[in-house]
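Below, each chain spelled out in residue letters.
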Amino acid sequence: MKRRTFIIATVAIAAAIAIPAISYHRKHTLPLDPLVRPHVLAHFCDGETINEIGVHYRAQVPEENKEKKLVELLLTNDKGKKIEPDNSKAISELLEQKIQQEFKDGRIVIEDGWVLSETEARQCALFSMSDK
């Protein structure tokens, strides 16, 4: 085999392996933005599953089928105070507190067989609206 043929074949094989792997990675990984990444659920589900949960939730709760509404609900605490959208640490802490409180209060949603807090369901809904 000539050197040129070998190099072309090697590049073609590498591309044939890399392109599907990159596509799979994009489809199945979640962004780090805490608004669209349900932290606990992300350990069990890929992006496609979270997207499906979000689509089901938006169909079930049409009044929350707007990105602006979901962001507002996610960024507002139980006392009506809104967190700044550029403070990821504060957002993560707020969402974790809301999720724990919702489970304690029994404010849960069952979507596609998953038992979620309202906040987690809203995160999935927001994820399903994003560009992923």
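For the structure itself, look to the data block above.
Here the structure is a predicted model, which is why all the values come from computation and not from measurement.

J.: Describe the packing of helix α3 (residues 67–75) against helix α5 (residues 118–129), listing the residues and the values that go with them.
T.: Here α3 crosses α5 at 145°, and the two axes come no closer than 10 Å. Seen from above, α3 lies across α5 with left-handed handedness. Between α3 and α5, the contacting residues are Glu67, Leu70, Val71, Leu73 and Leu74 on the first element and Thr119, Arg122, Gln123, Ala125, Leu126 and Met129 on the second.

J.: I'd like a rundown of α5, residues and numbers included.
T.: Taking 1.5 Å of rise per residue, twelve residues should cover 16 Å, and α5 covers 17 Å from first to last C-alpha, within 8% of that figure. Most of α5 is tucked away, with ten of its twelve residues classed as buried. Buried within α5 we find Thr119, Glu120, Ala121, Arg122, Gln123, Cys124, Ala125, Leu126, Phe127 and Ser128. Each element contacted by the buried residues of α5 is listed here: α2 (47–60), α3, α4 (88–105), β1 (108–111) and β2 (114–117).

J.: Residues and numbers for the nonpolar core, please.
T.: Counting residues in hydrophobic clusters, the biggest one holds 23 residues, and the most contacted among them are Leu35, Leu41, Ile50, Tyr57, Ile91 and Leu126. Those elements that place two or more of their residues in this core are α2, α3, α4 and α5. Counting residues per element, this core draws most heavily on α5, at five residues. Contacts of Leu126, omitting those with residues within four sequence positions, involve Leu35, Val36, Glu67, Leu70, Val71 and Leu74.

J.: Tell me about the side chain of Arg58, and name the residues and values.
T.: Here Arg58 shows up in helix α2. The side chain of Arg58 sits in the buried core without any salt bridge; Glu67 is the nearest counter-charge, 9.4 Å away. Among residues more than four places away in sequence, those in contact with Arg58 are Asn65, Ala125, Ser128 and Met129.

J.: Give a description of the packing of α4 against α5 that names residues and reports values.
T.: Here α4 crosses α5 at 130°, and the two axes come no closer than 7 Å. The angle between α4 and α5 places the two elements in the oblique class. Taking contact as the criterion, the partners of Leu95, Lys98, Ile99, Glu102 and Phe103 in α4 are, on α5, Glu118, Thr119, Glu120 and Gln123. Classifying every residue of the contact of α4 with α5 by side-chain character gives three nonpolar, two polar and four charged.

About the cut-offs
- Residues numbered from 1 in each chain as written.
- Predicted model: local features only at pLDDT ≥ 70, side-chain atom pairs only at ≥ 80, totals over all residues.
- Heavy atoms only, no water.
- Axes fitted to C-alpha atoms, helices over the stretch in contact; angles between N-to-C directions.
- Helix = DSSP H or I, 4+ residues; strand = E, 2+ residues; numbered from the N terminus.
- Left-handed = near helix turned anticlockwise from the far one by under 90°.
- Contact = heavy atoms within 4.5 Å.
- Expected span 1.5 Å × (residues − 1).
- Buried < 20%, exposed > 50% of the residue type's maximum accessible area, 1.4 Å probe, protein only.
- Core = buried A, V, L, I, M, F, W, Y, C linked by side-chain atoms within 4.5 Å.
- Lys, Arg positive; Asp, Glu negative; His and termini not counted.
- Salt bridge = Lys/Arg side-chain N within 4 Å of Asp/Glu carboxyl O.
- Parallel < 35°, antiparallel > 145°, perpendicular 65-115°, else oblique.
- Nonpolar A, V, L, I, M, F, W, Y, C, P; charged D, E, K, R; others polar.

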